[in-house]
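# Descriptive structure summary
Spelled out from the first residue to the last, the chains are:
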Amino acid sequence: MRHPLAVSFATGILVALVVGVVVTEYVTRWVFFSLFIGIPAGLVAGVLAIGITFALLTRRQKPESTE
């Protein structure tokens, strides 16, 4: 993989959006301002996804030969 950081950020943004929308829609029936719960949940999930994806992508890289 040539750009693990770019892939990690793309994954993090996607996860943040999906988790934010899902949590917001799920909590809507109990909390009037459910967006205030969905946004932080999405941000936390996105940051975790960035870290986990970057760690997995860089750990599995083969070292480049310097011949």
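The structure contained in this document is the topic of the report that follows.

## Looking at a nonpolar patch on the surface
- A cluster of nonpolar side chains, contributed by Tyr-26, Trp-30, Val-31 and Ile-37, occupies part of the molecular surface with about 420 Å² of accessible area.
- Turning to its location among the elements, Trp-30 is positioned in the loop between α1 (4-27) and α2 (35-59).
- A residue is classified by how much of its surface remains accessible, and Trp-30, at 57% relative accessible area, is exposed.

## Comments concerning the environment of Ile-39
- Residue placement: Ile-39 occurs in helix α2.
- Judged by its relative accessible area of 45%, Ile-39 falls in the partly exposed class.
- Spatially, the C-alpha atom of Ile-39 lies 5.4 Å from that of Gly-20, the residues being 19 residues apart in sequence.

Quick notes on the rules
- Residues numbered from 1 in each chain as written.
- Predicted model: local features only at pLDDT ≥ 70, side-chain atom pairs only at ≥ 80, totals over all residues.
- Heavy atoms only, no water.
- Patch = residues over 30% accessible without salt bridge, like charges linked within 9 Å, V, L, I, M, F, W, Y side chains within 5 Å.
- Areas by Shrake-Rupley, 256 points an atom, 1.4 Å probe, with all protein chains shown as cover.
- Salt bridge = Lys/Arg side-chain N within 4 Å of Asp/Glu carboxyl O.
- Helix = DSSP H or I, 4+ residues; strand = E, 2+ residues; numbered from the N terminus.
- Buried < 20%, exposed > 50% of the residue type's maximum accessible area, 1.4 Å probe, protein only.

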